[in-house]
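In case you want the letters, here they are:
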Amino acid sequence: MSRLLWGTPETLRALLCELVSWESRTLTEGECMFPYKVQEKLSKLDYFKRNPEHLSLHEVDLGRNFVNAFYKHPEAKDTVVLISHFDTVQTEEYGDLETLAFQPEELTKKLHERKDNLPEEARIDLESGKYLFGRGTMDMKMGLALHMALIEKASIEQWSINLLLLTVPDEEVNSAGMRAAVKELVTLRDKYDLSYKMFFNSEPSFSQKPGDDRHYIYSGTLGKIMPAALFYGKETHVGEPLKGITANYIASFLTQLMEWSTLFQESDLGEDTPLPVSLQQKDLKLQYSTQTPYRAAALYNVFIMKRSAAEIMDIFEQVAQEAAIMCNESYKAVCRREQIEGIGEVKVLRYEKLLSYAVGKFGANFVEEIKSEVQGNMDWDEREKSLRIADKLMIQCQELAPAIVLLFAPPYYPAVNTSNDPFIIDSVQLIKETAARFNKEVSQIHYFNGLCDLSYVQYSDEADGWTAFEKNTPVWGDTYSIPFADMLQLQAPVLNVGPFGKDAHQRTERLHIDSAFVHTPAMIESLIKSMFKSLVESR
């Protein structure tokens, strides 16, 4: 009889359903409690009974923790870090079935009674019996289950390689968990004299288009950065509109140029970044009045492959200058038509310039008081706080208006790619060969398009391009930071091999059963075993 708790498809499926049932939506009590339950579950393994110091929780923020479970072979230095996240997005879209969102077996059965209400592709998958539905089944409790089963098997069979299971909160919002874990990875490396050989994630395989059933593995991940703008015009009464200029008017010119701009698109290894879009545009009035909206803000999503924060800010400023020219020309035409002088030209400045100006005008202490006041508002997240800090400073420096203030808002995910690493090339080939044993074809994608925590390892930026992010992110160092210096120390190739699923973040989120419980476990195990066999042979 097997000594493994999670060594069969059936027991692995039961583990997944248990993990999913511990609901852990981001910024809920469930997210705070989840790591304690994982720690308790792993503590039942014989290895951690003998080595309890290798199973630990580490504080992140807001009562949240990440889990480290470290299988240490007594003679090995070579280490694979198994990265996963345990938070999920919210579940309102399930409607009256929301109470079953975290009960995959029950939800899947219940959906058979509602199958005619499902999108056609989801209905076909449900009727096939090949999928398990539920929030977190695909993204990404299954990845954690795979890692837990792997570390159990390694500890029992005493694999001659170290495995460090790292599962973190908050990946779905700001990746606070992974950013906090980076320092601990450096600490563990130094404490045990480890050599990190691979950072391995098991985010799910995403379809590339509707109807796509191919299984993908990823040798890198797209980066994401969020240029933002504060638009500051001149207030007036709606009865005297020509005495002012609305922030909405100014904003419209920049948003037109930012949406789908090819200036930000990158290509690498035959793949392209998605085009930028606006994620939010709003005026900053807190209530209705007949005063015109003279302050507004916008957030823009930009994906990256090779570019640094400094390069993105340079392009953003170039686009903003063009938008300002268009705005000023349009506004001047109105002034000529209405035979008025106008209030002046819209200028463009970076947040770092605004901050420096405000410090020069009022002193550093006054500026810090403004920032502290905004930071103390618990109803605002890091994005809102970033915009509001710039807004408060501009209110005190209205002589700079009308203006477009450029800044960055969190989060920032640097891009990572190790497709050309010889070890990754061999690993991809091995995984394809393992999948072929099940008559399955696996395809490689160079940049994971779902964003993931691999962004915070294997970092390289020789030109210190991140400093543009630090200088132009208003909440930097207070409620948001990125451990760039520590990330530079975590140099090992990255790979993402996870189960196939569909519709992440949708009510039809589902996991392919054979992929999750048969194919992917075999692919991962064959990869890790090949690693320590080849490492032993090379010594």
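Before reading further, recall that the structure is shown in the block above.
Residues numbered from 1 in each chain as written. Predicted model: local features only at pLDDT ≥ 70, side-chain atom pairs only at ≥ 80, totals over all residues. Heavy atoms only, no water.

Chemist: Is there a simple way to think about the side chain of K141 in this case?
Modeler: With respect to the element layout, K141 can be found in helix α6 (residues 137-157). Contact partners of K141, with chain neighbours within four places excluded, come to L16, L19, V20, W22, S24, F34, F86, T88 and G136. (Helix = DSSP H or I, 4+ residues; strand = E, 2+ residues; numbered from the N terminus. Contact = heavy atoms within 4.5 Å.)

Chemist: I'm lost on the environment of L299 in this one. Help?
Modeler: Relative to the assigned elements, L299 resides in strand β14 (residues 295-304). The spacing of L299 and A228 is 71 residues in sequence and 4.5 Å in space, taken between C-alpha atoms.

Chemist: Explain the environment of D464 here, please?
Modeler: With respect to the helices and strands, the residue D464 is situated in the loop between β18 (442-445) and α14 (467-472). Counting along the chain gives 58 residues from D464 to L406, while the straight-line C-alpha distance between them is 20 Å.

Chemist: Honestly, the side chain of T221 in this entry has me stumped. Any pointers?
Modeler: Relative to the assigned elements, T221 resides in strand β8 (residues 220-221). Residue T221 is classed as buried on the basis of its relative accessible area of 0%. Once you skip the residues sitting within four places of it in the chain, T221 turns out to touch A415, V416, H446, Y447, F448, L451, C452, L454 and S455. (Buried < 20%, exposed > 50% of the residue type's maximum accessible area, 1.4 Å probe, protein only.)

Chemist: Where do I start with the sheet that holds strand β20 (residues 501-502) in this structure?
Modeler: The strands making up a sheet associate through hydrogen bonds between their backbones, and the pairing can be parallel or antiparallel. With antiparallel pairing, three strands are arranged side by side in an open sheet as β4-β21-β20. Both outer strands of the open sheet, β4 (131-133) and β20, are each paired with one neighbouring strand and no more. Looking at chain direction, β4 and strand β21 (residues 510-512) are connected through three bridges and run antiparallel. Counterpart to F133 in the pairing with β21 is R510. The strands touched by helix α5 (residues 120-128) are β4, β20 and β21; relative to β4, the strand with the most contacts, the crossing angle is about 115°. (Pairing = 2+ DSSP bridges. Axes fitted to C-alpha atoms, helices over the stretch in contact; angles between N-to-C directions.)

Chemist: Sorry if this is basic, but what is going on with the packing of aromatic side chains here?
Modeler: For any pair of aromatic rings, geometry is given as the distance between the ring centres together with the angle between the planes. All told, the structure shown has 23 aromatic pairs when counted by the stated rule. On the basis of an interplanar angle of 55° and a centroid distance of 5.6 Å, the ring pair of Y196 and F199 is categorised as tilted. Accessibility classification places Y196 together with F199 in one group, the buried group. Positioned above the aromatic ring of Y294, the side-chain terminus of R295 is 5.2 Å from the ring centre. Here the basic side chain of R510 rests over the ring of Y131, its NZ or CZ set 5.7 Å away from the ring centre. (Phe/Tyr/Trp six-rings, centres within 6.5 Å; stacked < 30°, edge-to-face > 60°. Lys NZ or Arg CZ within 6 Å of the ring centre and 35° of its normal.)

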